[in-house]
Every structure is written in C-alpha cells, then in structure tokens.
2 protein chains.
Amino acid sequence: MFSAGHHRILSTLSRLGAMSRTDLARALDVSKASISMLVRDLIARGVLREEAVVFGQGRPSITLGLCSDAASFIGISLHADPTTVVMTDPHGRILARYVMPRETDPHACFEGLARAVDIVRKRAGSGAGPIAGIGVAQPGFVSRDGRISLASTALGWVNVDVAGGLSAVTGLPVFVENDANALILGEQLFGPSGDCPDFSLVFVGDGIGSAHIVNGRLHRGHHGGAGEISHSPIALDGSGALPCRCGNRGCLETVSSLQAIRGAARQAGLTSDIDELAAMTADGHPEALAILHRAGAALGIALAQLVQMFDPSQVLVILDPALKDSVFGRVLRQEMETHVLRRAGVQTTLTLRGLEDDSFAKGAASLAAQKFLFGNEWT
Amino acid sequence: MFSAGHHRILSTLSRLGAMSRTDLARALDVSKASISMLVRDLIARGVLREEAVVFGQGRPSITLGLCSDAASFIGISLHADPTTVVMTDPHGRILARYVMPRETDPHACFEGLARAVDIVRKRAGSGAGPIAGIGVAQPGFVSRDGRISLASTALGWVNVDVAGGLSAVTGLPVFVENDANALILGEQLFGPSGDCPDFSLVFVGDGIGSAHIVNGRLHRGHHGGAGEISHSPIALDGSGALPCRCGNRGCLETVSSLQAIRGAARQAGLTSDIDELAAMTADGHPEALAILHRAGAALGIALAQLVQMFDPSQVLVILDPALKDSVFGRVLRQEMETHVLRRAGVQTTLTLRGLEDDSFAKGAASLAAQKFLFGNEWT
DNA sequence: GAAGTTGGTTTATCAAACGAAATAAGTTCT
DNA sequence: AGAACTTATTTCGTTTGATAAACCAACTTC
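Residues numbered from 1 in each chain as written. Chains lettered and ligands numbered in written order. Predicted model: local features only at pLDDT ≥ 70, side-chain atom pairs only at ≥ 80, totals over all residues. Heavy atoms only, no water.

**Looking at the interface of chain A and chain B**
Then step 1. Facing 40 residues of chain A, the contacting portion of chain B comprises 41 residues.
Then step 2. Surface buried jointly by chain A and chain B totals about 3700 Å² across both partners, of which 59% is contributed by carbon and sulfur atoms.
Then step 3. Interface area lost by chain A to chain B is led by His-223, Met-309 and Arg-343 of chain A, which between them contribute 20%.
Then step 4. On the surface where chain A and chain B come into contact, there are zero salt bridges.
Then step 5. Applying the counting criterion to the chain A and chain B interface returns 23 residue pairs in polar contact (both at pLDDT 80 or more).
Then step 6. Sorting the residues of the side of chain A that touches chain B by element identifies β12 (208-214), α10 (286-310) and α12 (327-339) of chain A as the ones contributing at least two each.
Then step 7. Counting residues per element, the side of chain A that touches chain B draws most heavily on α10 of chain A, which supplies eight residues. (Contact = heavy atoms within 4.5 Å. Buried area = accessible area lost by both parts, 1.4 Å probe. Salt bridge = Lys/Arg side-chain N within 4 Å of Asp/Glu carboxyl O. Polar contact = N/O pair within 3.5 Å; in protein donor to acceptor, adjacent residues only side chain to side chain. Helix = DSSP H or I, 4+ residues; strand = E, 2+ residues; numbered from the N terminus.)

**Section: the domain arrangement of chain A**
Residues and elements named next belong to chain A.
Then step 1. If you check the domain split of chain A, you get domain 1 (4-66), domain 2 (72-187 + 359-374) and domain 3 (206-354).
Then step 2. Counting residues at the interface gives nine residues for domain 2, matched by 16 residues for domain 3.
Then step 3. Across the domain 2/domain 3 interface, buried area totals approximately 1000 Å², and carbon plus sulfur atoms make up 56% of it.
Then step 4. Three residues, Phe-141, Arg-144 and Ile-184, lead the burial of domain 2 against domain 3; their summed loss comes to 43% of the area buried on that side.
Then step 5. Here domain 2 is connected to domain 3 by two salt bridges.
Then step 6. A salt bridge links Glu-177 to Arg-220, with the shortest nitrogen-to-oxygen separation between them at 2.5 Å.
Then step 7. Along the contact surface separating domain 2 from domain 3 lie four residue pairs in polar contact (both at pLDDT 80 or more).
Then step 8. The element contributing the most residues to the side of domain 2 that touches domain 3 is helix α6 (residues 179-190), with six residues.
Then step 9. A breakdown of the residues in the side of domain 2 that touches domain 3 according to their chemical character gives five nonpolar, one polar and three charged. (Domains from an automatic or database assignment. Nonpolar A, V, L, I, M, F, W, Y, C, P; charged D, E, K, R; others polar.)

**Some words on the relation of the copies chain A and chain B**
Then step 1. When chain A is fitted onto chain B, the two copies agree to an RMSD of 0.2 Å after a turn of 179° and an axial shift of 0.0 Å. The superposition operator between the copies reduces to a two-fold rotation axis. (Least-squares fit on C-alpha atoms with pLDDT ≥ 70 in both.)

**Considering the sheet that holds strand β8 (residues 148-152) of chain A**
Residues and elements named next belong to chain A.
Then step 1. Read across the open sheet, the three strands follow the order β7-β8-β9; overall the sheet is antiparallel. The sheet is open, and its two borders are formed by β7 (141-142) and β9 (157-161), each paired with just one other strand.
Then step 2. With two bridges joining them, β7 and β8 adopt antiparallel strand pairing. The residue of β8 that forms the bridge with Phe-141 is Ala-151.
Then step 3. Against the sheet, helix α5 (residues 162-170) engages β8 and β9, with an angle of about 45° to β9. (Pairing = 2+ DSSP bridges. Axes fitted to C-alpha atoms, helices over the stretch in contact; angles between N-to-C directions.)

**A few points about the protein's contact with DNA strand D**
Then step 1. Taken together, 22 residues surround DNA strand D, and among them Ser-31 of chain A together with Lys-32, Ser-36, Gly-58 and Arg-59 of chain B come closest.
Then step 2. Those atoms of DNA strand D that come within 4 Å of the protein belong to sugar or phosphate at a rate of 70%.
Then step 3. The separation between a phosphate oxygen of DNA strand D and a polar main-chain atom of Ile-62 of chain B is 2.9 Å.
Then step 4. Of all elements in the fold, only α3 (32-44) of chain A together with α2 (21-28), α3 (32-44) and β2 (61-66) of chain B reach the threshold of two or more residues within the surface near DNA strand D.
Then step 5. At four residues, the largest contribution of residues to the surface near DNA strand D is made by α3 of chain B.
Then step 6. Partitioned by chemical class, the residues of the surface near DNA strand D number seven nonpolar, ten polar and five charged. (Near = heavy atom within 4 Å.)

**Some words on the packing of α10 of chain A against α12 of chain A**
Residues and elements named next belong to chain A.
Then step 1. At a closest axis distance of 7 Å, the pairing of α10 and α12 adopts a crossing angle of 35°. Crossing of α10 against α12: the hand is right-handed.
Then step 2. Split by residue class, the contact of α10 with α12 holds 14 nonpolar, five polar and one charged. (Left-handed = near helix turned anticlockwise from the far one by under 90°.)

**Observations concerning the nonpolar core**
Then step 1. One finds Val-317 of chain A together with Val-317 of chain B to be the most contacted residues of the largest nonpolar core, which totals 88 residues.
Then step 2. What Val-317 of chain A contacts, discounting residues up to four positions off in sequence, is Val-202, Val-204, Leu-303, Leu-332, Leu-350, Thr-351, Leu-352 and Arg-353 of chain A.
Then step 3. One finds Phe-2, Met-19, Leu-189 and Leu-373 of chain B within the second-largest nonpolar core, a separate group that totals 46 residues. (Core = buried A, V, L, I, M, F, W, Y, C linked by side-chain atoms within 4.5 Å. Buried < 20%, exposed > 50% of the residue type's maximum accessible area, 1.4 Å probe, protein only.)

**So, the protein's contact with DNA strand C**
Then step 1. Residues in contact with DNA strand C amount to 22 residues; listed here are only the nearest, Ser-36, Arg-40, Gly-58 and Arg-59 of chain A together with Ser-31 of chain B.
Then step 2. Sugar plus phosphate: this is where 64% of the atoms of DNA strand C within 4 Å of the protein reside.
Then step 3. In this structure, a base nitrogen belonging to DNA strand C sits 2.4 Å away from a side-chain N or O atom of Arg-59 of chain A.
Then step 4. Contact between DNA strand C and Ser-31 of chain B: a phosphate oxygen at 2.5 Å from a main-chain N or O atom of the residue.
Then step 5. Only α2 (21-28), α3 and β2 (61-66) of chain A together with α3 of chain B provide two or more residues apiece to the surface near DNA strand C.
Then step 6. Counting residues per element, the surface near DNA strand C draws most heavily on α3 of chain A, which supplies four residues.

**Focus on the sheet that holds strand β14 (residues 314-319) of chain A**
Residue and element names in this part refer to chain A.
Then step 1. Sheet architecture is open: five strands sit in the order β13-β12-β11-β14-β15, paired in mixed fashion. Each of the sheet's edge strands pairs with one partner strand only, and the pair in question is β13 (217-218) and β15 (349-354).
Then step 2. Taken together, the two bridges between β12 and β13 define a ladder with antiparallel strand orientation. Following the sheet pairing, Ile-213 is matched in β13 by Leu-218.
Then step 3. This element, α12, spans β14 and β15 of the sheet and lies at about 165° to β15.

**Considering the pairing of β15 of chain A**
Residue and element names in this part refer to chain A.
Then step 1. Burial of the side chains of β15 is restricted to one face: Leu-350, Leu-352 and Gly-354 are buried, whereas none of Thr-349, Thr-351 and Arg-353 on the reverse face is.
Then step 2. One ladder, built from six bridges, connects β14 with β15; its direction is parallel. Bridge pairing in β15 links Gln-314 to Thr-349.

**A few points about the side chain of Ser-256 of chain B**
Then step 1. Within the secondary structure, Ser-256 of chain B is located in helix α7 (residues 253-256).
Then step 2. Once residues within four sequence positions are removed from consideration, Ser-256 of chain B is found in contact with Val-204, Ile-208, Ile-261, Ala-295, Ala-298, Leu-299 and Phe-328 of chain B.

**Comments concerning the UniProt feature "domain: HTH marR-type" (unreviewed entry) in chain A**
Then step 1. As recorded in UniProt, the sites labelled "domain: HTH marR-type" (unreviewed entry) are residues 6-51 of chain A.
Then step 2. What you have in residues 6-51 of chain A is 70% helix and 9% strand, and the ends, taken at the C-alpha atoms, are 18 Å apart. (UniProt positions renumbered as here; feature names shortened; annotations may be inferred.)

**Re the packing of aromatic side chains**
Then step 1. Tallied over the full model, the rule gives nine aromatic pairs over all chains.
Then step 2. Ring centres 6.2 Å apart and planes at 70° place the aromatic pair Phe-110 of chain A and Trp-157 of chain A in the edge-to-face group. Here Phe-110 of chain A is found in helix α4 (residues 106-124), whereas its partner Trp-157 of chain A is found in strand β9, with 47 residues between them in sequence.
Then step 3. For Trp-157 of chain A, a relative accessible area of 1% gives the class buried.
Then step 4. Taking the centre distance of 4.0 Å and the plane angle of 5° together, the rings of Phe-310 of chain A and Phe-310 of chain B count as stacked. Residue Phe-310 of chain A is found in helix α10, and its partner Phe-310 of chain B is found in helix α10 (residues 286-310); the two belong to separate chains.
Then step 5. By relative accessible area, Phe-310 of chain B is classed as buried at 2%. (Phe/Tyr/Trp six-rings, centres within 6.5 Å; stacked < 30°, edge-to-face > 60°.)

**Digging into the pairing of β8 of chain A**
Residues and elements named next belong to chain A.
Then step 1. If you look at the hairpin formed by β7 and β8, you'll find five residues sitting between the two strands, and Gly-146 has a positive phi there, around 70°.
Then step 2. As paired elements, β8 and β9 share four bridges and run antiparallel to each other. Of the residues in β9, the one forming a bridge with Ile-148 is Asp-161.
Then step 3. Taking the residues that link successive antiparallel strands as the turn, the β8-β9 hairpin has four residues, and the phi of Gly-156 there is positive, at about 75°.

Spelled out as structure tokens, the structure:
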C-alpha cells in the first residue's frame, strides 16, 4: 500500500504535528526532492492535505497534515467487563462509541463485536474515512505477531485465534495486543507524550500492569511478558507479607491494586468504594489513610526500581482519578523520589493521570492506526 | 570505509558464525547477486576469506569467515585498580595483554595508556592485523556518543574527554563505555550468548552493575543510567535496613556487594576474605552462612524484579568464582525462581559465571570491534 | 522596484539492489 | 560411465529510490 518513504512521512507528521515539506526534509534527513515526490503522491491519494500557509521571511511555507478522513480505526477494549468499542480518526479523535457486556465465549464474542463494529460505523456517519483495521486490547499474553491470545485468565482464553476469528466475521485486518501495551502505544501515537522515545506506563486497576517504550518502540520482552510488574516482590516487610493468587507472598498487587485496597478496607470494616475511601482520607480517617499510604508507598518503591533499571525519560501512571488526588498519589511520588538515585541535571518525570472511559479502546484503535501510518517496519 | 551492506555481512558472519554466500542471502533477505558483489569486495580487501568447502547435494557451498588478521582491537579496563590492556582479533581471541597500576590523573593516565598500547602492539607481533581502534571500559556515566566520561566517582572524573585525550596520544579512534555495558557488549559480540537478542547481565563486584540488550542493541536509558541496580531498594525488612552511601537505606549494594559482604563478615568478627568466607560456609559455619544467604537472597529478589520487568531470554550473572559455587549462588537461583511468575513453556534461564581477569578488557575491546564490524548503524 | 530569503519542483544522475539466465561443480540414477 | 538432477555462485540488464544542482515561485525588506 504505502512505501517505507510514505510511512516515514506519515509517522513523523503524526508524531511531531503538522509541518512543511522543507521541515520534513530536515526532520527525516532526506532531500527536498524526495519529500516533494512522496508528498505529492500522498496528497493525490487523499491521505495528506495542505493545511495552512505560514508567513515568515522568504516564500511562505505550507504546512501539511493528515486528512482526518484518510482512514478510520476501530478500537476494542476487552480490558474489563463492559466491552468498549470506539472508532477514531487518524488523530485519535473518537468519532463514535458503543458499550456492551463482555462476552467470554470466543465465537459469540466475535459475532457480537462484528455487530458492534457495524453499529459504530453507522453512528460515525459518512464523514469518517474508510476503516483501515481493528485493534483489540485484552488482558493477558498475546503472540508476537499480534494474532493469537496465548493466555488470558480474565477471559479464560488459551490459544484463541482472535485475529483470525474476528477478521473472518468483519472482513477487516485485526491486531491484538496486551492491554497495558495497547495503552502505551495509544499514548505514543495519540497522546501528549508521543515525541518521547523512552517512557514507561504503569496502570493501576484491579491488577497492575506496565509497559515500556524503548528507543521509540514497544519493548515486549523475549517471551512477551515484559512489564509484568504485578507480581514483583515488593511488600516483603517481614511477617506482614500477604499471600498472592500467584502462590507467592508480598507481590505488589497484594497491596497496591484496587482489589487489594478494597480488600484491606473491607477487612478494616470500612467501605469498599474507592471514591468514598479517598474522601475519608481527605477527612483524616486514620485507618483509611494507613491503607492508601501503604498502597502508594509500595507502588512508589516499585516505580523507583523501574526507573533505576530502565531509566525512562518519563513515567506515566494511569489510575483511578480519586486515587490520583488522594494520599496515594502523594506518597507514591514522594516514595519514588526518595528511592531514585539523583544525578545532577538528570531526572525522570513522574506524571499521574486519571483513567478515562475510553482509554483502553483508544489504545486499541491506535494499534490499527500504527499499522496504517507506520507500516510493518516497527513490528 | 565499509558500506551498510558490508557491515550487515560482517555482523551476521560474526554473530552466527561462518556460512556460505547463499546462506547469507537467506539470512539477510537480499539477492544472491548483491551478496556475491559485496563478498568479492570484502575478500579483496582482506577482511573475509573462503574457509571450507561443504559438500551436500548439488554444488558444494563455500563457507566464509572473518580473517583473524583483518584487524585487531585494543581493550582497556579501568574498572578496578590494576588497569588491564589487551589486544584481540576479530573473534575476541586475546593476542597480548599488559597490566599496570591504575592512574587517576587524566593526563598521566592517557600517557601511560599510550605506552601500554605500544607494548601490547609489540607483544602481539606481526601476526596481528592493523589496530582498528581502542575501547575503554570505566565505572560511571559516559556520554551518549561514547567520548566523554561524565561522572565517575571511582576515578574522580567529571566531564573528562577520554576519547579526545587518548586519541590525541595514540592516533587511534577511541570508544568509551560504562563497565557493565562494555561487559555485555563483549558478551554479545565475542561470547556464547551472542545470538540472543534479549538478555541481561548483572555484575557483582565491589558495587553491583547491570546492563541490558534489548532487541539486539544495548539499552542505555534516556539519561544513560539504565541498569543502575546498585541502589534499588530491596532490603527493606523493617529495622534491619542498612544505610547506604547514597543517603537511602536498604539499597541492594548494602547487602549483596562484595564490600557489603566483607563488611558484614568483619562486623561478625570473621575474615574479610571472600574465598575464606565461602570455604567456611562449605564447612557449615552458621554466621558465614547467614551473611552469604542474606546477600544471595537479596540479589535473587532483585533479579526476579528484573526478569518481570524486562523479560529477557537469559540473565547472566558474573561474580567471584568462590561466590558462584557457594550458598550465595544457590540461594540466588532459588530465590529468583520462586519469585518469578511461571508460565507454561516459558522460562528465563539464569547463568552464573565466574569473573575472569580479562573480562572487562575484552569487553572494552569489543567496543572497537563493534564499530569495525557493524559501523555506526547500531549507535 | 530591486535585492534578498526561503519554499518547493524539475532534471539528470547515481548507487544499491533485484530477477533471470548462465555457468560451475558436485551427487544420484540408470 | 554417462545422463539427469541439484544446488551454489556469477553475470547482465534493469528497476528503484534517493540525490545534488539548478530552477522557479512567492514573499519580505530596504
């Protein structure tokens, strides 16, 4: 479809925003002649368009941008129970969405998703470009080629050919990815951290997931298990280490996950609603404070270890908005900062961001967008 | 000097061992015609040679290999006090070596090293190829371009232009790298783990260092600080957390480094000689056992965290041979294995290897060899 | 309105890679 | 032994993608 040269132009335009032909030539370190040819081609194909004329000294430059109707992408989140399906444009803007109960039988799931894709397509109307592909974000391990769900305890799937099955009923190319990975890829493509070649993302939900962009590309690990931070042995303080479902004690998720926090609150006779719990800490309730303090501190230590090993330029933590603004967020930051070795003029920034409804589905859509914009060069 | 095509051939030949032209065409996915041209060129330049005729069906193939006198490389280890200087061939075989006291004044150091290079060159005799460059392995942080020593507490260097200074007195290109990084690059190029695209190395010495090969290339981190495992907060078991020179408590190096082990032994009234201490554990001495057990367990937990985050295919731990065969090694392995989440058919292998005299110098030499074989493509 | 500056296009050229056919050097079958 | 087959390597003509240099366009500044 597109050549490597085309993809390079599309990806830098998407990453760095609209720019002129000459800027592109500088950014990609190729001749203006080549850019001229390729851009002409992309405009003719309806993917790029001239957006604005910028006046400076000399001849004004014409900024180029992706046509928002060049293509559109379907994103499906199987991360948690209401399955979310969205349709986005090449800039990551959501054109339509649909929410449905999560179905775990593979065949029924694919059938339902095919119907959902039709609904979303209708809702988006005629302003949207042709659908270039479907991205699926799911918990668990996914094959390196992004086709097979190797093992997902949450869905009860083992070796399910998601790409094959979903592609058969929709007629569209399908790309599957682990949920945390989809989230970071979405951030890289659509989010504000996109220009950063080395950053890490940690997600705090019922479990705890992480993912890493190294050298501009996703780091999957040799067995596809990189970022499995959930069962990192952190909370080993002597006798207090809690048993984990993985069989060990002291795993991070036994202390810092939403489930763990709810469990601890219940055991202390408090509410198991996170929002209420956070509100109680604001009022200074000692037991609620202790629970969130402990959870935040453990995650902070895990983040410190992550930073020491990976040395990313940024760590993005995505979590419940209530937690973000509570003592959890404050202790998390403080604990991480005290345990990271400081060097002059060198610092990893920590960003906390509240989870939004469509975060995972948007990340999933970015999988299809990646293929469209970048091609298969970046695996 | 060499084109990208040349470098691709040299690097695969070095990585995967001798192979025929047709094998190369398959491995690199280029036409046999191109390979034919490039190989002819490399043979004419004296870098490659036809090594053996392999008979199968059809016309026999001719395996190609690197000429061992195509070039030679100088490796300098400033890792510890006796500075070691070696000269190797393109296969990593050591042709000559020279050991001298470590000098910390930059100017004097470079002068001394220049003399050492001359000595090593003479010792190697005329069988060695022309020297292609000098690699330097040093503790501390090094600039991304491999020229400047940004900060090294052990040497007392801050912003020392090592490449410039040493290049001026030797007339050879110089490449500087952090010691752990040099070690893993040497392993990748010259060692048995070379074909592995994702592996990690941990070094236990007076400090503890680690380095990671991700996707076939060294992961430096955004600030060049990836692998700083030494001050990972591991040993946090309540009141027992020891203060560290970094200002925190419970850092890995306060428990598992050679210095920490010696310190703990001294405090218990035992010998501070590692060999003797290891021998005592073999005899079942309870206090010696406790010290090495604790040190090994802490490192095992750190390794488990490393494996969970990076998911390498292999972790190579380089340590004092006496430690390797003691309870330290056994506990290390056991603790790591219990804390790594298991998945069916998926496992990271842990390899312990004793430190050899020339390990760091050989790694340093590999820096120069990398540039010769791979060019600047791999940064 | 002339001079200067910068953006974008055209053209002739080049280097690297490719496909297909030719050639080389063996093994295997009859 | 000789024909038939297999596989490795080389040669040749062509395609591809990128380039530099010259050129044209469009604006600002003096």
